[in-house]
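In case you want the letters, here they are:
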Amino acid sequence: MTTVHAIARRCFVKNTAVAAITAALPAINFAQTPAPARSHFAPQSGAWRTFEVTTRVDVAEADGVTRLWLPIPSVNTDYQRSLENSFSTNGTAKLMQDGRDGAKMLYVEFPASQAQPHAVLTSRVQTQNRAIDWSKKAAAAESADTLRYFTRPTALLPTDGIVRKTALAATQGARTDVEKARKLYDWIVSNTHREPKVRGCGEGDIKTMLETGNLGGKCADLNALFVGLCRSVGVPARDVYGIRLVPSAFGYKELSGNPASLKGAQHCRAEVYLTGYGWVAMDPADVAKVMRLETPEWIKNTTNPVVAPVNKALFGGWEGNWMAYNTAHDVTLPHAKGDKLGFFMYPVGENAAGRFDSYAPDDFKYQITAKEINA
């Protein structure tokens with residue numbers, strides 16, 4: 001097994017860490033921890049938790065040269081510390097990153113002759129809850145270049161046309177960036193909805209959503225729409241792509257991950273930069289998810305006692321039972337033959353027949369598990 005420690009991670013940024021490994025790790029199974037009874041949703045920062053997250057890929061059908069790209073947690077902030085990574089494989093592996101947003105990945109290549117291609121990646125992270133204190137303004141200023149970067153358009157997040165028109169209408173009367181963010185958050189919660197039939201986390205094509213009037217989707221649709229609307233009126237914003245790891249401490253089943261099998265646990269969140277507060281957590285898509293799925297009845301208003309605390313807390317906070325991978329858009333995978341990715345939150349693979357379906361882990365085939373490490 002090859003382990004990448006803090007010093008090696010600095011080399012990681014320059015795409016220099018390389019390893020070729022030949023032994024496969026066994027699959028890891030963890031017992032599911034029952035979620036507590038649902039309680040008032042009010043995450044508070046301060047207590048760090050440590051997790052090991054393992055992604056194992058066993059390529060179902062080898063067809064020519066096979067390539068894999070597995071996302072690695074790349075975020076180091078006041079809510080996450082991305083620590084060491086280890087991996088094993090019977091292919092040739094390199095630690096790499098995309099050239100724009102610093103999204104880190106394990107790249108693995110298998111020759112056509114390789115029987116039963118497989119790879120295992122384990123990442124250790126620390127996370128904590130987030131909760132903004134709106135009574136205090138103490139954040140360090142962000143660089144102008146960074147703020148401009150997070151108001152740029154991307155392939156799936158245009159900032160002109162119908163996107164800007166919608167945002168201007170939704171923020172009418174708002175004077176400050178906080179007021180704009182609040183109005184756009186409320187607009188997402190009021191006008192969009194969770195659509196369970198959407199595959200994976202959705203595609204995040206916000207222009208098509210607005211043009212068709214089909215505002216149903218999942219987190220990569222709804223939070224991307226929020227981010228695009230913010231950017232279009234000059235509020236720096238970004239999607240944060242990651243995965244839920246363990247059950248919610250507040251008992252919300254739809255805000256939980258099953259550490260024994262994180263199939264379908266990928267989740268995109270959002271951040272906005274607000275003057276005096278810095279980068280602030282947002283997640284209107286999870287409000288929509290709770291409204292649609294937390295109870296047998298589709299809840300249609302935010303005053304419902306199940307929804308109200310979630311709606312309040314996710315404007316400025318989120319629960320730390322989730323790990324961030326990256327904030328990247330328009331990702332070019334090194335050595336890939338397929339198209340750019342709108343975002344990089346799932347394992348990706350290709351062989352002679354083309355790109356694998358990342359939204360079908362049982363066919364791909366991959367599994368993701370998590371284990372909490374108690375001090």
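Quick look at the structure, then. (Residues numbered from 1 in each chain as written. Predicted model: local features only at pLDDT ≥ 70, side-chain atom pairs only at ≥ 80, totals over all residues. Heavy atoms only, no water.)

A look at unusual backbone geometry
Then, in step 1: A cis amide bond links Phe-364 with the next residue in sequence, Lys-365, at an omega value of 20 degrees.
Then, in step 2: Mapped onto the secondary structure, Lys-365 falls in the loop between helix H9 (361-364) and strand S19 (366-373).
Then, in step 3: For Gln-116, which is not glycine, the phi torsion reads 50 degrees and is therefore positive.
Then, in step 4: Within the secondary structure layout, Gln-116 lies in the loop between strand S7 (104-110) and strand S8 (118-127).
Then, in step 5: We classify Gln-116 as exposed; its relative accessible area is 66%.
Then, in step 6: At Asp-330, a residue that is not glycine, the phi angle is positive and equals roughly 50 degrees.
Then, in step 7: Along the chain, Asp-330 turns up in the loop between strand S16 (322-326) and strand S17 (348-351).
Then, in step 8: Of the residues examined, Asp-330 reaches a relative accessible area of 16% and is grouped as buried. (Helix = DSSP H or I, 4+ residues; strand = E, 2+ residues; numbered from the N terminus. Buried < 20%, exposed > 50% of the residue type's maximum accessible area, 1.4 Å probe, protein only.)

Some details on the sheet that holds strand S13 (residues 266-274)
Then, in step 1: Pairing is antiparallel across the open sheet formed by 4 strands, whose spatial order is S14-S13-S12-S16. Lying at the two open borders of the sheet, with one neighbouring strand each, are strand S14 (278-282) and S16. Going from strand to strand, the sheet's axes swing by 40 degrees on average, the running direction of each strand aside.
Then, in step 2: Sheet topology places strand S12 (residues 237-244) next to S16; 4 bridges connect them, and they run antiparallel. Across the sheet, the residue bridging to Arg-244 is Trp-322, located in S16.
Then, in step 3: On top of the sheet, helix H4 (residues 177-191) reaches S13 and S14; it is set at about 150 degrees to S13, its chief contact.
Then, in step 4: In the packing of helix H6 (residues 219-232) onto the sheet, the strands contacted are S12, S13 and S14, and the crossing angle to S13 comes to about 15 degrees. (Pairing = 2+ DSSP bridges. Axes fitted to C-alpha atoms, helices over the stretch in contact; angles between N-to-C directions. Contact = heavy atoms within 4.5 Å.)

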